[in-house]
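Architecture and fold: a report
Next come the chains, spelled out residue by residue.
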Amino acid sequence: MRAVVYDTYGPPDVLRLEDVEQPVPKADEVLIKIHATTVNRTDCAVRAAKPFISRLVTGLRRPRRQILGSELAGEVEAVGPAVSEFKVGDQVFGSSPWIFGTHAEFICMRVSAPLAHMPSGMSFEEAAAVCDGAILALSCLRPVDQALTWLRPADLRKGQRVLIYGASGSIGTAGVQLARFFDAHVTAVCNTKNVELVRSLGADEVIDYTREDFTKNGQTYDVIFDAVGKHSFKRCRGSLRRNGAYVATDGLRNLVLAVWTARIGDKRVLFPIPPRYTKKDVLFLKELIEAGKYRAVIDRRYPLEQVVDATKYVETQQKTGNVVLTVTSE
C-alpha cells in the first residue's frame with residue numbers, strides 16, 4: 001500500500017510517499033480502506049519534534065512511528081473474527097490518536113477505538129475533517145466535571161459568556177458550534193476574511209482582531225477559550241469575570257499555571273490536554289451532524305501525493321478549518 005513516511009525529524013520535506021506492507025487485522029480489529037484524512041497541527045508538531053521534550057514520547061533520536069495522520073474516513077475492507085459491530089463495506093470515520101497511521105491507504109483499528117459509522121449524507125472528505133478539532137474543543141468546553149481541577153473542562157453552561165480566540169481554525173470552528181449547542185453566548189475572534197463564516201457557525205458576536213483588541217474593550221467573559229495557543233492568561237485575566245476560566249490548548253507553562261490558579265485566586269487556568277478520544281464522543285458528533293447542528297469546515301483539499309504542500313500550508317497558521325488529504329477517490 002502507499003503511505004507517507006518519515007524516518008527523521010525536520011521540515012515538511014522529510015515526508016515522502018512509499019510503498020509499505022499492508023496491515024492485517026487482528027481478531028478484534030477492522031481493516032479500513034482510507035478515502036480521506038487530514039493534516040493538523042499535531043502532525044506538524046510531532047514531525048518537527050516540537051517541543052523537543054516530546055521526543056521522550058515519539059522517539060529520542062528518530063520517530064518510533066513512521067506514518068503520521070490521526071483522522072480518517074473510509075470503508076471497512078476486512079474484519080477480524082471477533083468483530084460484530086462493523087461489516088465489510090461499512091463507511092466509517094474516526095480518529096487514531098497517539099497511534100497515528102492514517103496518512104496511508106489502509107489502517108487497522110480496534111472496534112473499541114474512536115470509530116463509528118459515518119453520518120448519513122456526508123462525504124468522506126467532510127467526515128475525515130470532524131474528529132480531531134471537535135474532540136479537542138469538546139474536551140475543553142463540555143459541561144462535565146473531572147477529578148483534577150486543572151484537567152477538567154470549562155463546564156460550559158446555558159447563558160454563560162464564552163469568548164473563542166482563533167475561532168476560524170479547526171478547533172475554533174468546532175468550539176463555536178459546540179458552545180452554541182451548549183446554549184452559551186458566543187463571542188468569536190478571527191480575522192477579517194472569516195467573520196461571515198464564523199457568524200454562520202452560530203457566533204452571537206464576532207470580533208475582527210485586526211481592528212479590535214478584545215482585552216481592551218471592557219467586556220468580560222465566564223470562559224476565554226484560546227483555540228490556537230497564541231494568547232496568554234496574563235493578557236486575558238482582565239477580561240475574565242470572577243471565577244472565570246482561561247482554557248488553554250497549548251504551552252507547557254499553562255500546565256504550571258493551571259495547578260497554581262487551582263489553589264490561588266478567583267480566576268483559573270484550565271489545561272485539559274491531552275484530551276481523551278472515545279467512541280462515545282465520535283457517536284455524539286455523529287448525532288450532532290445528523291441533526292444539522294455541526295458541520296466540518298474545509299479550507300483546502302490535496303491529494304496524498306501533495307502532502308508536503310499541504311503540510312507547508314498548515315504551518316502558515318492561516319488555514320480556515322481543516323486541510324484534507326484525499327487518499328482514495330470515492
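Our subject in this report is the structure included herewith.

Criteria and cut-off values
Residue indices follow the written sequence of each chain, beginning from 1 at its first position. Restriction of local features to residues with pLDDT of at least 70 applies here, the model being predicted, together with a cutoff of 80 or more for giving and counting side-chain atom pairs; totals for whole chains, interfaces and linings are based on all residues. Just so you know, side-chain values use all the structure's heavy atoms and leave hydrogens and water out. Going along the chain from the N terminus, every DSSP run of H or I of four or more residues is numbered as a helix, and every run of E of two or more is numbered as a strand. The cut-offs for exposure are 20% and 50% of the maximum accessible area for each residue type, with area from a 1.4 Å probe on protein chains only; residues under the lower value are buried, those over the upper are exposed, and the others partly exposed. Contacts are assigned to residue pairs with any non-hydrogen atoms lying within 4.5 Å of each other. Two N or O atoms count as a polar contact when they lie within 3.5 Å, although within protein this holds only if one can serve as hydrogen donor and the other as acceptor, and sequence-adjacent residues are included solely when both atoms are side-chain atoms. Of the two site types, the cavity is a set of points on a 1 Å grid over the protein atoms alone where a 1.4 Å probe fits but cannot get out, and the pocket is an open set with protein on both sides within 12 Å along at least five of seven lines, each lined by residues with an atom within 4 Å of a point. Grid points are joined across faces, edges and corners, and a volume is the space filled by probe spheres set on the points. Pairing of aromatic side chains requires ring centres within 6.5 Å, counting the rings of Phe and Tyr and the six-membered ring of Trp. Pairs whose planes differ by under 30 degrees are stacked, by over 60 edge-to-face, and all others tilted. Every axis in this analysis is a line fitted to C-alpha atoms, fitted for helices over the stretch in contact. Angles between the N-to-C directions lie between 0 and 180 degrees. Orientation is classified from the angle alone, with under 35 degrees giving roughly parallel, over 145 giving roughly antiparallel, 65 to 115 giving roughly perpendicular, and any other angle giving oblique. The handedness criterion is simple: a crossing whose near helix is rotated anticlockwise from the far helix by less than a right angle is left-handed, and one whose near helix is rotated clockwise is right-handed. When DSSP finds at least two bridges between two strands, those strands are taken to pair. Under the scheme applied, nonpolar residues are Ala, Val, Leu, Ile, Met, Phe, Trp, Tyr, Cys and Pro; charged residues are Asp, Glu, Lys and Arg; polar residues are all the others, including Gly. Within this document, salt bridges are pairs made up of a side-chain nitrogen of Lys or Arg and a carboxyl oxygen of Asp or Glu, the two lying within 4 Å of each other. Patches draw on residues past 30% relative accessible area with no salt bridge. Two like charges within 9 Å are joined, as are two nonpolar side chains (Val, Leu, Ile, Met, Phe, Trp, Tyr) within 5 Å. The method behind every accessible area is Shrake-Rupley, applied with a 1.4 Å probe, and residues are considered shielded solely by the protein chains displayed.

Tallying secondary structure elements over the chain gives 10 helices and 15 strands in all. If one aligns the C-alpha atoms of the chain with their principal axes, the spans along those axes are about 55 × 45 × 40 Å. Considering the chain as a whole, with its 330 residues, one finds that 57% of them fall into the buried category. Of all intrachain contacts in the chain linking residues separated by at least 6 positions in sequence, the fraction that spans at least 24 positions is 66%.

What follows covers helix H1 (residues 41-48). Taken residue by residue, H1 has Asp 43, Cys 44, Val 46, Arg 47 and Ala 48 as its buried positions. Where H1 begins, one side-chain oxygen reaches toward the backbone nitrogen of Thr 42, 3.0 Å away; that side chain belongs to Asn 40. After H1 finishes, the residue Ala 49 shows a positive phi value of roughly 55 degrees.

This part takes up empty space enclosed by the protein. Scanning all chains against the criterion turns up 1 cavity of 30 Å³ or more. Of the volumes computed, that of the largest cavity is approximately 40 Å³. Lining the largest cavity, in full, are Leu 15, Val 39, Asp 43, Cys 44, Arg 47, Leu 68, His 103, Val 307 and Thr 311. Breaking the lining of the largest cavity down by element, the ones donating at least two residues are H1 and helix H10 (307-314). Ranked by residue count, the leading element in the lining of the largest cavity is H1, at 3 residues.

A few words now on the packing of aromatic side chains. Tallied over the entire structure, the rule returns 6 aromatic pairs. Between Trp 98 and Tyr 277, the aromatic rings sit 6.0 Å apart at their centres with planes inclined by 85 degrees, giving edge-to-face as the arrangement. Placement of the pair is Trp 98 in the loop between strand E5 (91-95) and strand E6 (106-110) and Tyr 277 in the loop between strand E13 (268-270) and helix H9 (279-290), with a sequence separation of 179 residues. Note on Tyr 277: relative accessible area 15%, which makes it buried. For the pair Phe 181 and Phe 284, a centre-to-centre distance of 5.8 Å together with 65 degrees between the ring planes defines the contact as edge-to-face.

This brings us to the packing of helix H4 (residues 131-141) against helix H5 (residues 170-181). In contact at an axis separation of 8 Å, H4 and H5 are set at 55 degrees when each is read in the N-to-C sense. Our classification of the angle between H4 and H5 gives oblique. Crossing of H4 over H5 shows right-handed handedness. Counting all contacts with H4, which are made through Gly 133, Ala 134, Leu 136, Ala 137, Leu 138 and Leu 141, the residues of H5 involved are Ser 170, Ile 171, Ala 174, Gly 175, Leu 178 and Ala 179.

A few words now on the sheet that holds strand E12 (residues 240-247). In a beta sheet, neighbouring strands are held together by backbone hydrogen bonds and run either parallel or antiparallel to one another. Taking strand neighbours across the sheet as the criterion, the 6 strands line up as E10-E9-E8-E11-E12-E13 in an open arrangement whose pairing is parallel. Looking at which strands have only one partner, the edges of the open sheet turn out to be strand E10 (205-208) and E13. On average, each strand axis in the sheet is inclined to that of its neighbour by 20 degrees, with strand direction left out of account. For strand E8 (residues 161-165) and strand E11 (residues 221-226), the ladder comprises 4 bridges, and the chain directions are parallel. Of the residues in E11, the one forming a bridge with Val 162 is Val 223. Lying on the sheet, helix H8 (residues 253-261) is in contact with E12 and E13; it crosses E13 at an angle near 135 degrees.

Following the sequence through the fold, Ser 239 ends up in the loop between helix H7 (233-236) and E12. Looking at Ser 239, the relative accessible area reads 2%, which means it is buried. Ignoring sequence-local partners within four residues, the contact set of Ser 239 consists of Phe 214, Thr 215, Gln 219, Thr 220, Tyr 221 and Ile 224.

Moving on, we get to the packing of H4 against H9. One can describe the packing of H4 onto H9 by two numbers: an axis separation of 11 Å at closest approach and a directional angle of 105 degrees. Here H4 lies roughly perpendicular to H9, going by the angle between them. Only Asp 281, Val 282, Phe 284 and Leu 285 of H9 make contact with H4, whose side of the interface consists of Cys 131, Ala 134, Ile 135 and Leu 138. A class-by-class count of the residues in the contact of H4 with H9 yields 7 nonpolar, no polar and 1 charged.

On to the pattern of salt bridges. A side chain with one charge can pair with a side chain of the opposite charge if their charged atoms come near. Using the criterion set out here, one finds 19 salt bridges in the structure. A salt bridge links Arg 2 to Glu 305, with the shortest nitrogen-to-oxygen separation between them at 2.4 Å. Of the two residues, Arg 2 is situated in strand E1 (residues 2-5) and Glu 305 in the loop between strand E14 (298-303) and H10; the sequence distance between them amounts to 303 residues. The class for Glu 305 is partly exposed, based on a relative accessible area of 49%. Residue Glu 18 is joined to Arg 16 by a salt bridge in which the shortest nitrogen-to-oxygen separation is 2.6 Å. According to the relative accessible area criterion, Glu 18 is partly exposed, its value standing at 32%.

Taken together, the side chains of Phe 52, Ile 53, Leu 56, Val 57, Leu 60 and Leu 252 define a hydrophobic patch exposed on the protein surface, amounting to about 680 Å² of accessible area. The residue Leu 252 is located in the loop between E12 and H8 in this model.

A few words on the pairing of E5. Counting buried positions along E5 gives 4 out of 5 residues, so the element sits mostly inside the fold. One ladder, built from 5 bridges, connects strand E4 (residues 71-79) with E5; its direction is antiparallel. Note on E5: the bridge partner recorded for Glu 71 is Ser 95. Pairing of E5 with strand E7 (residues 115-117) involves 3 bridges; the strand directions are antiparallel. Bridge assignment links Gly 94 to a residue of E7, and that residue is Leu 115.

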